[in-house]
Amino acid sequence: DVSADDPPLRGALHDGEADDALRWLDGAALMRALKDALAGRADRKDGPLMPEGDGIDLAQYALRIWGDDAERGADRLSSGGELELCVGMSAVHRQLRGAAAPPGSATEVLRFAISDASPGGFGLETTERLPDRLQSGELIALRRPGAPQWQMAVTRWRAAGSAISRIGVELLSP
């Protein structure tokens, strides 16, 4: 939405009405071109103008990740409940060690509702504004409220909406 001060998000996560301020990328033409280019290289010696080596590997990777056949390693299931999480290397370290925060500072513990779950992670959502430091790739620790054990995880994606903000989390430890 070019009228808002929000990062891009997947179309499925957009919670508003379609209007002239929305922009999207339709990758269907790119996928067809990549498929045609790879098929041309396999069928003809002179093939299309695609670099040798990494260019072919990159095209195959893009087709596998972005293509229609891209699948998750495991199904996501609707879920409920809440998770607590803390953000950043020092906060995660303190939680895993069970140590107190240094004097004059506190480790902020955030609460998220679980929207879906799989063996490798969670989809989480909140009506609160996402902290700026909670970016994709950020190390986090999470647990069920009141549970003694924290788990290490990483934020895979984030989508800050006007009503609901969502993050995808990949577990790094059991």
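For the structure, check the block above.
The text that follows walks through the structure, step by step, so that each part is easy to find. (Residues numbered from 1 in each chain as written. Predicted model: local features only at pLDDT ≥ 70, side-chain atom pairs only at ≥ 80, totals over all residues. Heavy atoms only, no water.)

**Description of the pairing of strand 3 (residues 110–118)**
- Examined bridge by bridge, strand 2 (residues 82–87) and strand 3 share 4 bridges and lie antiparallel to one another. Bridging across to strand 3, L83 finds its partner in F112.
- With 5 bridges joining them, strand 3 and strand 4 (residues 121–126) adopt antiparallel strand pairing. In the strand pairing of strand 4, S118 is matched with G121.
- Adjacent in sequence and paired antiparallel, strand 3 and strand 4 are bridged by 2 residues. (Pairing = 2+ DSSP bridges. Helix = DSSP H or I, 4+ residues; strand = E, 2+ residues; numbered from the N terminus.)

**Here we look at the nonpolar core**
- If you look at the biggest cluster of nonpolar residues, it comprises 17 residues, and the most contacted ones within it are L85, F112, L124, I140, L142 and I167.
- When residues of this core are traced back to their parent elements, those giving at least two are strand 2, strand 3, strand 4, strand 5 (139–143), strand 6 (151–160) and strand 7 (165–171).
- It is strand 3 that provides the largest number of residues to this core, a total of 4 residues.
- Excluding its chain neighbours within four sequence positions, the residues that come into contact with F112 are G81, E82, L83, L85, L124, E125, T126, L130, L134 and I167. (Core = buried A, V, L, I, M, F, W, Y, C linked by side-chain atoms within 4.5 Å. Buried < 20%, exposed > 50% of the residue type's maximum accessible area, 1.4 Å probe, protein only. Contact = heavy atoms within 4.5 Å.)

**Comments concerning the environment of L63**
- Checked against the element boundaries, L63 lands in helix 2 (residues 54–66).
- Note on L63: relative accessible area 16%, which makes it buried.
- Through-space distance from the C-alpha of L63 to that of L34 is 7.3 Å; in sequence the pair is 29 residues apart.
- Residue contacts for L63: discarding those within four places in its chain leaves M31, L34, K35 and L38.

**Structural notes on helix 3 (residues 89–97)**
- Taken as a whole, helix 3 has its buried residues at A91, V92, R94 and Q95. For helix 3, the arc enclosing every buried residue in end-on projection is 160 degrees, short of the 170-degree limit, so these residues lie on one face. In this structure, helix 3 carries M89 and R97 as exposed residues pointing more than 90 degrees from its buried face.
- One or two residues past the end of helix 3 sits G98, with phi positive at roughly 75 degrees. (Arc of directions from axis to C-beta.)

**Some points on the pattern of salt bridges**
- One pass over the structure, following the stated rule, counts 7 salt bridges.
- Two residues, E84 and R111, come together in a salt bridge whose shortest N-O distance is 2.9 Å. Of this pair, E84 sits in strand 2 while R111 sits in strand 3, placing them 27 residues apart in sequence. (Salt bridge = Lys/Arg side-chain N within 4 Å of Asp/Glu carboxyl O.)

**Considerations on the pairing of strand 6**
- Most of strand 6 sits inside the fold, with 7 of its 10 residues counted as buried.
- Here strand 6 runs beside strand 7; their pairing, made up of 7 bridges, is antiparallel. Pairing of A160 across the sheet is with S165, part of strand 7.

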